[in-house]
Amino acid sequence: MEKSLNWREFVITRLVKASGYSAILFVALIFFFLVREGLPTFWKADITSLLSTRWYPIEEYYGILPLITGSLIVTLGATLVAVPLGIGTAVYISEIAPRWMREILKPLVELLGGLPSVVLGFLGILLLSPFLRVFLDLPTGLTALTGSLLLGGIAVPTVVSVAEDALDAVPRAYREGAWALGATRWQTIWRVTFPAARSGVLTAIMLGIGRAIGETMTVMMVTGNAPVLALKLGSLFSPVRTMTATIAAEMGEVASGSTHYHVLFFIGMVLFLISMGVNIAASSVVFRAKKRAERILS
Amino acid sequence: MDKIIIENLSLQYADGIESLRGISLNIREKAVTVLFGPAGGGKSTLLRCLNRLNDLTEVKASSGKILIDGKNILDPDVDVIALRRKIGMVFARPVVLPLSIRGNLTYGLELAGEKRRSKLEEAVERSLKLAALWEEVNDRLDDPAIALSGGQQQRLCLARSLALQPEIILLDEPTSGLDPISTGKVEAALQELKKEYTIILVPHSVQQAARTADYAAFFLQGELIEYGEGQSLFTAPRQKRTEEYVTGRFG
């Protein structure tokens, strides 16, 4: 009896441990594969060609700068949409809404987060892009702006649910302390609750950015996919092509082992590094905040 | 003189847990009035009615009046923000804000729109001295407040409400998490403060109630059982239930 119990304990512990380690293993394998397929770019394709501004793989032009700037401008636009909207919603849900409203809104926002991105892309093509074309008098409605607005919509639920959790975790006593001092509701939110939840809110923003930069389907459908260098603010109103959309659109038709194939993996590597950078930035913010709290409390 | 007159106050929370039933009570100016009794008796609820902190909780029904200086503060037209500046409150767990010691003290004044540095500095020193904390922290006012010990934090919270120059101070089990020495300091500070302020204290033990009370009110399950001068209430209670509680027969 005693012995079989010990044995079961042993197996279960090992299984749990193994599933934990497997996550690390998978990330390592993915990274290894990306690097193995991506690195040959450096000797197969010209570096000058890579850094040029022309993406036309059929004629061996592999300039990835337009793709990087395309991704960045769409993500930047999406951040500008998602951060104010997301944080505003989170503050409303956690601080202002009456209970019945909160119980409707929270699941609704989470539902929005589960919406397949292809559905949003569909709405973008049918509704948003014609509207923008007419409203802003553009030659086409398939622009970086269209992508930004939709990606913003995709990132909002992420920002809302993480930021709302952070605000919710601020002890009620903080708020009551401020109220008892004669703070108004807004003063309490802005000067007590918000600073106390700061690291969680920053994490929410970072995760939102991460969500936006990796999104593929929607941007492929609505940004027009023209690999043009987007450096000016005006580029927001013209078509762009993102890194994710390029990989998704071209990977199916490329000859395995060709230069084009390796360059696509190289783009994947760049994307991987960017989103890793965002994640590291996010976690270092949280880590710093935690360390400060520990130092103060000890 | 009576500072606060509570007339037939009843209150029920939305979840029906704790409530007040027909409380009538006159609270004296410049004295320590102690509200005591077992948990769930409505003491905290009553405190929270006095500065309308219950506005932010879901209350099912309330009736009755609370007159402060003759004015009914439960009137919907009352400026709640101004009311809370007039009535300071200290909670059971010290709620220091994530700011420096100085920042905690000037916070309420800054919210009220006070910008003059000299006024703020003056308030910092005055309130810290009143809360018997000045000696311990005057050389490190810019350190984070959370680095203070529990007892110091609680006196900082007291000082923070004093900085607003309130007329009434509410304390909800302010020493429940403190060691005897810190508790002693807080109690001594209260004895000094009652010369200037009207103090209403929910103590965390009967002993503390007996030590600090000028006037005492015994609450049991939402009802006010007995009210009188501290001396007589703790030595010769008129009600049987008060006697049983004070002598430790239940609770």
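Check the entry above for the structure.
Below is a short write-up of the structure. (Residues numbered from 1 in each chain as written. Chains lettered and ligands numbered in written order. Predicted model: local features only at pLDDT ≥ 70, side-chain atom pairs only at ≥ 80, totals over all residues.)

**Concerning the overall build of chain B**
Rules: The numbering of helices and of strands both runs from the N terminus, where a helix is a DSSP run of H or I of at least 4 residues and a strand a run of E of at least 2. This radius of gyration counts C-alpha atoms alone. The globule rule is 2.2 Å times how many residues there are, raised to the power 0.38. Placing C-beta atoms from the backbone, we regard two residues as in contact once those atoms come within 7 Å.
Within chain B one finds 10 helices and 10 strands. Relative to a compact globule of 251 residues, whose C-alpha radius of gyration would be 18 Å, chain B shows 18 Å and is just as compact. Viewed in the frame of its principal axes, chain B has a C-alpha envelope of about 55 × 40 × 35 Å. Taking the contacts inside chain B whose residues are at least 6 apart along the sequence as the reference set, 70% of them involve residues at least 24 apart.

**Observations regarding the overall build of chain A**
So the rule is basically this: Buried, partly exposed and exposed are defined by the number of other C-beta atoms within 10 Å of a residue's own C-beta, namely 20 or more, between the two limits, and 12 or fewer respectively, with C-beta atoms placed from the backbone.
Scanning chain A for helices and strands turns up 13 helices and 2 strands. Overall, the C-alpha framework of chain A stretches about 70 × 70 × 35 Å when taken along its three principal axes. Burial status across chain A gives 38% buried among its 298 residues.

**As for the interface of chain A and chain B**
Rules: Charged residues are taken to be Asp, Glu, Lys and Arg, nonpolar residues to be Ala, Val, Leu, Ile, Met, Phe, Trp, Tyr, Cys and Pro, and polar residues to be all remaining types, Gly included.
On the chain B side, the residues contacting the 16 residues of chain A number 22 residues. When residues of the side of chain A that touches chain B are traced back to their parent elements, those giving at least two are α8 (172–180), α9 (185–196) and α13 (259–297) of chain A. Of the residues forming the side of chain A that touches chain B, the biggest block, 6 residues, is contributed by α8(A). Residues belonging to the side of chain A that touches chain B are distributed by class as follows: 11 nonpolar, 4 polar and 1 charged.

**Comments concerning the nonpolar core**
Selection rule: Among buried residues, those of type Ala, Val, Leu, Ile, Met, Phe, Trp, Tyr and Cys that are joined through C-beta atoms within 7 Å form a set called a nonpolar core.
By size, the foremost hydrophobic cluster in this structure holds 75 residues, and its most contacted members are Ala159(B), Leu170(B) and Ala216(B). Of all hydrophobic cores here, the second largest spans 46 residues; its members include Ala144(A), Leu151(A), Val156(A) and Met220(A).

**Details of the sheet that holds strand β4 (residues 59–68) of chain B**
Residue and element names in this part refer to chain B. For clarity, the threshold we go by: Here, any two strands with at least 2 DSSP bridges between them count as paired.
Spatially, the 4 strands line up as an open sheet ordered β2-β1-β4-β5, and their pairing is antiparallel. Two strands bound the open sheet, and with one partner strand each, they are β2 (19–28) and β5 (71–72). Pairing analysis gives 8 bridges linking strand β1 (residues 2–13) to β4, with the strands arranged antiparallel. Directly across from Ile-5, in β4, lies its bridge partner Leu-67.

**Topic: the sheet that holds strand β3 (residues 32–36) of chain B**
Each strand in a sheet pairs with its neighbour through backbone hydrogen bonds, running either in the same direction (parallel) or in the opposite one (antiparallel). Residue and element names in this part refer to chain B. The condition is simple: Lines fitted to C-alpha atoms define the axes, with helix axes restricted to the stretch in contact, and inter-axis angles between N-to-C directions lie between 0 and 180 degrees.
Read across the sheet, 6 strands follow the order β6-β7-β8-β3-β9-β10 without closing on themselves; strand pairing throughout is mixed. One side of each edge strand has no neighbouring strand; the edge strands of this open sheet are β6 (87–90) and β10 (223–229). Averaged over neighbouring strand pairs, the angle between their axes works out to 15° when direction is ignored. Strand direction decides the pairing type here: strand β7 (residues 168–172) and strand β8 (residues 198–202), joined by 5 bridges, are parallel. Considered in β8, the bridge of Ile-168 is made with Thr-198. Sheet strands touched by helix α6 (residues 150–162): β6 and β7. Its angle to β6, the strand with the most contacts, is close to 170°.

**Structural notes on the packing of helix α6 (residues 117–136) of chain A against helix α7 (residues 144–168) of chain A**
Residues and elements named next belong to chain A. Defined as follows: The labels follow the angle: roughly parallel below 35 degrees, roughly antiparallel above 145, roughly perpendicular from 65 to 115, and oblique for the rest. Put simply, a crossing is left-handed when the front helix is turned counterclockwise from the back one by less than a right angle, and right-handed when it is turned clockwise.
Between α6 and α7, the least distance of the axes is 10 Å, while the angle of their chain directions is 140°. In terms of axis orientation, α6 runs oblique to α7. For the element pair α6 and α7, the recorded crossing hand is right-handed. Taken together, the residues of α7 that come into contact with α6 (itself represented by Ser-117, Leu-120, Gly-121, Gly-124, Leu-128, Ser-129 and Leu-132) are Leu-145, Thr-146, Leu-149, Leu-150, Gly-153 and Ile-154. Grouping the constituent residues of the contact of α6 with α7 by class yields 7 nonpolar, 6 polar and no charged.

**Some remarks on unusual backbone geometry**
One non-glycine residue, Glu60(A), lies in the positive phi region at around 65°. Tracing the backbone shows Glu60(A) in the loop between β1 (55–56) and β2 (61–62). On the basis of neighbour counts, which here come to 12 C-beta atoms within 10 Å, the residue Glu60(A) falls in the exposed class. Non-glycine residue Asn8(B) carries a positive phi angle of around 50°. By the secondary structure assignment, Asn8(B) is in strand β1.

**Thoughts on the pairing of β1(B)**
As paired elements, β1(B) and β2(B) share 7 bridges and run antiparallel to each other. Paired with Asp2(B) across the strands is Arg28(B), a residue of β2(B).

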